[in-house]
Amino acid sequence: MQTALLKSALDSATETEEMLVDSGSLESVARLFAEHFPGRAAVIVAASDTWTAAGSRVEKAFRSLGIRCEKPVVFAIPPFLHGDYDHIAELRDGFAAHDAIPIAVGGGTINDIVKRASSEAGRRYICVATAASVDGYTSSGAAILKDGFKQTLACAAPIFVVADPDVLAAAPAYLTSSGYGDLASKLVAGSDWIVADAVGSDPINAYAFRLTQEELRTRLSGPEKAAAGDPEAIMGLFEGLAMTGFSMQFLKSSRPVSGCEHLFSHVWEMEDLYFEGRPVTHGHKVAIGTLAATALSEVLLRRGFADIDPAASAGGLPSSEARAREVVDAFKGSPAARGAVDAALKVATAKLDPKAAIVHLERAKDRWTEVSGRVAAQLEPYAELREAFRKAGCPTKPEDIGLNREYAIRTAFRAQMIRDRYTVLDLMYEARILDECVGAVIADGTYLR
Ligand SMILES: [Zn+2]
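Summary of the structure given here. (Residues numbered from 1 in each chain as written. Predicted model: local features only at pLDDT ≥ 70, side-chain atom pairs only at ≥ 80, totals over all residues. Heavy atoms only, no water.)

### Structural notes on the state of the cysteines
Across all of its chains, the model carries 0 disulfides by this definition. Looking at the unpaired Cys155, the closest cysteine sulfur is the one in Cys127, lying at 12 Å. Just so you know, Cys437 is unpaired, no disulfide at all, and the nearest cysteine sulfur is the one on Cys260, 12 Å from it. Judged by relative accessible area, which is 0%, Cys437 ranks as buried. (Disulfide = S-S within 2.5 Å. Buried < 20%, exposed > 50% of the residue type's maximum accessible area, 1.4 Å probe, protein only.)

Have a look at this one:
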């Protein structure tokens, strides 16, 4: 269902020129390649499972049109492939030996490492997605673990994005439910942008907001169909994820699609979270982050903002030294690498600004009726979100991804420290009620249970 909005999203995308999502697209991409890159060779990068699912078919299609193919790079699975910088360096050095156009055939990790390696090699690349598992196929930037810190490294989105609905539907069910979790996270991303806009930190761009939000609830409306492997539902999910990626391409920022729910997941990515013998997927971590962020927002909406005194709250913010101690304490017992703590120290002390906090808090207080109304309308009520996740096959409690409940909820403190992007966690921190709200979620009988 290529809607008018999706067409408009593709038109507004500055880096992606074509998106093919139909049953013949693995073959059509060879024709498209021949038109765009006459005389150039291709090099497929895949994991062993995605090579079997689609890579060999793509290579056959290229060869049948007489397109030269370098020896494919196929990462053997297991071990599980991580989006870390070593793989990027390895690919980039390999690309230096030829001038072939890289074709990433796989899921989010393959796409991210090829995206950045291609950019470092000064080349465009093509993405052939094999699962409706993440929004990153169409986004600018790659989510990479570098020096122990999860970060978004700049690089251009693919020139073409290609997917065959039957290949997407044949992907393991946990990858489809991961995509559902990543798409549902946009509810919180939108709410955090509303908050950041209201306090004057990050004004909403109406078109980017619309691209992410306008069709979101429709695309999230059939969780059980996607979970059952219905190709049409999975194609709708894939297109929904693609659209949110295009909003990032348009705005050159992940703001439209990533709020504090992603910060929870970034913390657990830095902690290298495994469960039942495999790394927990991005989308499953984001699903728990989305539930936690929704719970915290509901607690805030219930408690209200009337008793917040902006000057007193900002005056209660810690000194830089005390803030640094808070960061070190928050990461005590976390398996995150030293580099992650150092980076958090830098970010958390840099964004500590009592003068700015007074302005944020005054604006939030003045507009509270409007802001709280918009946030309430933007978020799915917790109980309904949880039920949709259950139907989609997403995790619904921290234990489902190997986390202790209280530890997962308390991740809010670390999540607030790792990125300079205003979210509801910053509003609570500046108002000096983050502790209270985290405590209320922990004490609640239904949240994250
Ligand atoms: Zn995501």
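What follows picks up the thread again.
### Considering the packing of aromatic side chains
Counted by the stated rule, this structure contains 10 aromatic pairs. With centroids separated by 5.9 Å and ring planes inclined at 50°, the aromatic side chains of Trp193 and Phe209 adopt a geometry described as tilted. Within this pair, whereas Trp193 is found in helix α7 (residues 173–198), its partner Phe209 is found in helix α8 (residues 206–213), the two being separated by 16 residues in sequence. A residue is classified by how much of its surface remains accessible, and Trp193, at 1% relative accessible area, is buried. Clustering of aromatic rings is evident, with ring pairs tying together Phe33, Phe37, Phe62 and Phe160. Note that Arg414 overlies the ring of Phe331, its terminal NZ or CZ placed 5.9 Å from the centroid. One cation-aromatic arrangement involves Arg432 over Tyr429; the distance from NZ or CZ to the ring centre is 4.8 Å. (Phe/Tyr/Trp six-rings, centres within 6.5 Å; stacked < 30°, edge-to-face > 60°. Helix = DSSP H or I, 4+ residues; strand = E, 2+ residues; numbered from the N terminus. Lys NZ or Arg CZ within 6 Å of the ring centre and 35° of its normal.)

### Here we look at empty space enclosed by the protein
Gaps left between atoms are located by rolling a probe of water-molecule size over the structure's atoms. Scanning the model with the defined rule gives 2 cavities of 30 Å³ or more in all. Its boundaries defined by the atoms lining it, the largest cavity holds a volume of some 50 Å³. Lining the largest cavity are Val195, Ser297, Leu300, Leu301, Trp368, Val371, Val375, Val424 and Leu427. Those elements giving two or more residues to the lining of the largest cavity turn out to be α13 (282–303), α18 (368–378) and α21 (424–430). Of the residues assigned to the lining of the largest cavity, the class counts are 8 nonpolar, 1 polar and no charged. Taken as a whole, the second largest cavity holds about 40 Å³ of empty space. Elements represented by at least two residues in the lining of the second largest cavity include exactly α8, α9 (216–219) and α11 (231–251). By residue number, the principal contributor to the lining of the second largest cavity is α11, which donates 3 residues. Looking at the lining of the second largest cavity residue by residue, the classes come out as 4 nonpolar, 3 polar and 2 charged. (1 Å grid on protein atoms, 1.4 Å probe; cavity = no way out; pocket = protein on both sides within 12 Å on 5 of 7 lines; lining within 4 Å. Points joined across faces, edges and corners; volume = space filled by probe spheres on them. Nonpolar A, V, L, I, M, F, W, Y, C, P; charged D, E, K, R; others polar.)

### Here's the deal with the packing of helix α20 (residues 405–415) against helix α22 (residues 434–443)
It is the contact of α20 with α22, at a shortest axis distance of 10 Å, that shows an interaxial angle of 160°. The orientation of α20 relative to α22 falls into the category roughly antiparallel. Crossing geometry of α20 relative to α22 is assigned as right-handed. Where α20 abuts α22, its residues Arg405, Glu406, Ile409, Arg410, Ala412 and Phe413 lie against Leu434, Asp435, Val438, Val441 and Ile442. Its residues assigned to classes, the contact of α20 with α22 shows 7 nonpolar, no polar and 4 charged. (Axes fitted to C-alpha atoms, helices over the stretch in contact; angles between N-to-C directions. Parallel < 35°, antiparallel > 145°, perpendicular 65-115°, else oblique. Left-handed = near helix turned anticlockwise from the far one by under 90°. Contact = heavy atoms within 4.5 Å.)

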